[in-house]
Every structure is written in C-alpha cells, then in structure tokens.
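Coordinate inspection notes
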Amino acid sequence: MLTIRNVSKAFGDTPVLHDISLEVAAGEIVCLLGPSGCGKTTLLRIVAGLEQAGAGQVLLEERDLAGVPVHRRGFGFMFQDFALFPHRNVYDNVAFGLRMAGQSREALAGRVREMLALVGLAGLEARQVHELSGGQQQRVALARSLAPHPALLLLDEPLGSLDRTLREELMGELRRILRQTPAGSDEAAGITSIYVTHDQQEALAIADRVVIMNAGRVEQIGAPLALYRQPATPFVARFLGMENLLPGQLVDAAPDWLVATPLGLLRSTAGPAGAAAGDSVLAVARPDAARLVDLAARDEENLVAGQLQEVSFRGSQVKITLSYADSQRLVFDLPGHAAGELPAPGQWLQIQLDPAGISLLAR
Ligand code: ATP
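All of the points below concern the structure found in this document.

Rules behind the numbers
- Residues numbered from 1 in each chain as written.
- Predicted model: local features only at pLDDT ≥ 70, side-chain atom pairs only at ≥ 80, totals over all residues.
- Heavy atoms only, no water.
- Pairing = 2+ DSSP bridges.
- Helix = DSSP H or I, 4+ residues; strand = E, 2+ residues; numbered from the N terminus.
- Axes fitted to C-alpha atoms, helices over the stretch in contact; angles between N-to-C directions.
- Phe/Tyr/Trp six-rings, centres within 6.5 Å; stacked < 30°, edge-to-face > 60°.
- Buried < 20%, exposed > 50% of the residue type's maximum accessible area, 1.4 Å probe, protein only.
- Lys NZ or Arg CZ within 6 Å of the ring centre and 35° of its normal.
- Contact = heavy atoms within 4.5 Å.

Attention now moves to the sheet that holds strand β11 (residues 244–252). The antiparallel open sheet is built from 5 strands, whose spatial order is β13-β12-β11-β14-β20. Looking at the sheet topology across the chains shown, the edges are occupied by β13 (264–268) and β20 (358–362). Averaged over all pairs of adjacent strands, the angle between their axes in this sheet comes to 40°, without regard to strand direction. In this sheet, strand β14 (residues 280–285) lies alongside β11 in antiparallel orientation, the contact comprising 6 bridges. Considered in β14, the bridge of P247 is made with L282.

Right, let's talk about the packing of aromatic side chains for a bit. Given two aromatic rings, their pairing is described by the distance between the two centres and the angle made by the two planes. One pass over the full model with this rule turns up 3 aromatic pairs. Aromatic side chains F85 and F96 sit 5.1 Å apart centroid to centroid with 65° between the ring planes, which places their arrangement in the edge-to-face category. Highlighted residues: F85 in the loop between β6 (75–78) and α2 (90–100) and F96 in helix α2, separated in sequence by 11 residues. According to the relative accessible area criterion, F96 is partly exposed, its value standing at 31%. Over the aromatic face of F85 sits the side chain of R88, whose NZ or CZ is 4.7 Å from the ring centroid. Directly above the ring of F85 sits R144, whose terminal nitrogen or CZ lies 5.8 Å from the centroid.

What follows deals with the sheet that holds strand β4 (residues 55–60). An order of β2-β1-β4-β5 is seen for the 4 strands of this open sheet, with the pairing classed as antiparallel. Looking along the sheet, the strands with just one partner apiece sit at the ends: β2 (14–24) and β5 (63–64). Where strand β1 (residues 2–11) lies against β2, 7 bridges are found, and the strand directions are antiparallel. The residue of β2 that forms the bridge with A10 is P15. Along the sheet, helix α1 (residues 40–48) contacts β1, β2 and β4; its crossing angle with β1, the most-contacted strand, is approximately 120°.

Keep in mind these values describe shape, not function.
Written out as structure tokens, the structure reads:
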C-alpha cells in the first residue's frame, strides 16, 4: 500500500537517512525501532509530508506523494506536534477532523460515539481534556486521529509520556484497537499504521513487522518473533537486549548446528543460511535461554559453569551475571522462583542453555 523507495535525507551537511526502502502492506502495523537520533522521526515526517526527502520517493498505492501537502494525504497523526486542545471537551477534540471534512451533525455524533467506545472512553464526551489522566488523554488523541477514516495512521512515540504501568496497559490495547479499526473500504482488515518507538518491548508487542534502524540505515526487517529468534547483526541482537555474544567456529551446520565457543561446544537449532562447517560465527545466547542445573551434572549438551558475580531480584525474574575465563561475563534472566536456589555471589554454579535459545550470526 505504501512504498518508501530509496529515501535519503540530510540536514545541512549531516546525512540522517541513507537509501531507505520499505513496503507497508494494507492493514499492516509496521514499527520503526531504533536508538535516539537514528532517523525514525525524520522518516515518519517525510511520509507525513512534514519534511521533504533529499532523494527517493514515497508512493501511496503507486501514486507519488511528492508535492502533495500534509492535509491532502488523508493520513491520521498521533504526534507531539498535533497535541489535543486542552480547554475543549473530549467530544470537540474527537470531532475536530470530522468537522474539517464537513460531516453532518448526526454522522459526526455517531462516529465520535463509536470511536470513544473503541478506545474505552464511552460516556466521557463532556469532560474537559485537562481533567483527564495522561492515559485517557492518549486515548482521546487516538480516537481523534482514527475518526476521519485515515488511509494510513502515523504514530510517533504515542506512549512516550506515560508511566510504565500505563504504558504496559495501553501497549496491549493499542494493537487490538488498530486491528479492530476498519480501514476505509476494507471492513475486514485493520488500519494500516507506521509506529515509531525506541522501546523494543513496545515494538515487539504492537508490530506485525519491525524495522530496526541504526544511524539512518535499516539493519533488519522482520516479524517480532523472527527478529527475536534470528537477529541478523550484533547491533540488532544488542538492541533487543541480548548481551551474550560469543565468537565461535561452526563444527557442524544445518540441520544440527554445533559451534565451538570459549564456553565449549554449543548446539543451536538454527543458523545463518548458507553457512558451513569451518565458518566463523557469533553465537548469541539469549537472556532467557538458561536454566539452573546441578553443579555435578555432566555429559549433557550446552552446560556452562561459571562463577556467580551478581544477583538482582526483579520479582518474576532474577537477573544473574556469571563470569567465565577470568574476565568474560554472561547475563541471564531466570524465573523469579530460582532466586531461592542460587548460591551466594563468588560461588560456582552451572546452567544449561536451551539450543532454541541460541542464535548464530554470520561473521
Ligand atoms: P528520537 O527518538 O530521539 O526522536 P529519532 O530516531 O526519531 O530520535 P530523528 O528525530 O529523526 O531521530 O533525528 C535524526 C537526526 O537528525 C538527529 O541527529 C537529529 O538531531 C537530526 N535532526 C532532526 N531534525 C532536524 C532538523 N530539523 N534540523 C537539523 N537536524 C535535525
């Protein structure tokens, strides 16, 4: 539905986007994910028409949007730039775009009611926006942007201003709301959305596909689970919270991947396409791959013994840091109940790594 083709952008002499290409299908939720300053917002603003690309094209259903001003693109926005009117009531805020489109009073009232029900604010029409909580205000902003049936919804850190608990709550709900909002003529599919965030959890929870950006370039595009299972680069692995990157050499490739690492031989269930025995790889042991085993256990696969350096209890999880080979460290998240079985820092313990929790990257 939307095509971003070879888009580049510089501010003065500073390049911020390098040759970005991306296709967004109808009904899809695509998240742009990356660290602060990697160019996510700039790319979104180019799609919106708020910023001009230095090179490349943005096409909506094959039509080049160059020269089409923001208000003629028919997109919905949930941006800091498009804040709510704080001294108007909920109804007037949600009705704003519909009034601009010249809708009749009845059609307008019906649509506002429908949108408020969708975002869980039915009955709050008369409330002033400044009397609402932060989370409720974000719901009003979402209802306002969805009300005029936008062809495409653009969201820039929509949950950024909320505290952690509210964010978690809205994260799950946002996906449901976007899925349930019929897109224009197609009643079956949800609305097509591009969503910018720097929060990996938010992107994984909301997106159909995640675009991981680094310094103005696309590092990897994939479905959340696919990215998590098979990060393509060390940057992606680290950005998704995987700190255990071990250099290694393939001893055996598909279907039974075996890699020699400083921890010994490790078995993994997947590896990079086309890789063969002898190739250098990076083994990524995900934080959730470990389980505690008896220190006396032997002759089983993927056993790792190390000295316990740190233990940090986080409720449902306990984060452990192990050291091996003097200075190297490994960090894992065990289920919270394992905290009771852990030895004291300084003592040795043994873990076993699930082969499905180890990804191999080509080097
Ligand atoms: P954040 O999450 O912090 O908003 P981002 O990934 O969205 O980061 P952008 O806002 O797109 O990043 O910014 C990319 C780079 O371009 C940054 O280095 C930023 O300082 C720079 N930049 C953005 N807008 C402008 C502008 N109008 N003029 C000059 N430089 C800009």
